[in-house]
Amino acid sequence: VNQRLMEVNRHLEDKLKQRNEEVRRLQVQLVELQRTLEDTQTQLSERESQVLKLEYRLEQELACRRETSTKEQEHARALLRASARQVSFRQQNLKRIQLL
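Quick look at the structure, then.

The rules behind each value
- Residues numbered from 1 in each chain as written.
- Predicted model: local features only at pLDDT ≥ 70, side-chain atom pairs only at ≥ 80, totals over all residues.
- Heavy atoms only, no water.
- Helix = DSSP H or I, 4+ residues; strand = E, 2+ residues; numbered from the N terminus.
- Rg over C-alpha atoms; globule rule 2.2 N^0.38 Å.
- Buried < 20%, exposed > 50% of the residue type's maximum accessible area, 1.4 Å probe, protein only.
- Areas by Shrake-Rupley, 256 points an atom, 1.4 Å probe, with all protein chains shown as cover.
- Salt bridge = Lys/Arg side-chain N within 4 Å of Asp/Glu carboxyl O.

1. Description of the overall build of the chain
A tally of regular secondary structure across the chain gives one helix and zero strands. The C-alpha atoms of the chain give 42 Å as radius of gyration, which overshoots the globular expectation for 100 residues (13 Å, by more than 25%). With the C-alpha coordinates of the chain rotated into their principal frame, the extents come out at 145 × 15 × 5 Å. Burial statistics for the chain: of 100 residues in total, 0% are counted as buried. As displayed, the chain has an accessible area near 10,100 Å², and 54% of this comes from carbon and sulfur atoms.

Following this line, the structure appears as structure tokens:
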């Protein structure tokens, strides 16, 4: 009976050691996974920041292009108005010359 108890005790000790080893291994794995998670979160945060900066730059670029396009259109209209005034002025001069 005593020997049997010793064997059961040894067996239980072995099982306890195995479980303790497994717990230690899992703890190390958990720490590694937490580090990986933190690294991934940091990378994600950096990427989000980069995306926000790029979106801002894109908006600035688009605003600049819209402004440039508007100014070009205004300039083209001004040139057309000036050209129309010149044509009108020439026509008026031709009429005056014909009247003389």
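Now that the structure has been shown, the text picks up again.
2. Re the pattern of salt bridges
Opposite charge on two side chains permits pairing when their charged atoms draw close. Overall, the coordinates contain three salt bridges when judged by the stated rule. Between Glu 61 and Arg 65 there is a salt bridge, and its shortest N-O distance comes to 3.1 Å. Of this pair, Glu 61 and Arg 65 both sit in helix H1 (residues 2-99), separated by four residues, roughly a single helical turn. Notably, a salt bridge pairs Glu 67 with Lys 71, separated by 3.2 Å at the nearest N-O pair. Residue Glu 67 and its partner Lys 71 are located together in helix H1, separated by four residues, close to a single helical turn.

3. Here we look at the environment of Leu 52
Following the sequence through the fold, Leu 52 ends up in helix H1. Considering only alpha carbons, one finds Leu 52 and Lys 15, 37 residues apart in sequence, at a separation of 54 Å.

Just geometry here; none of it tells us what the structure is for.
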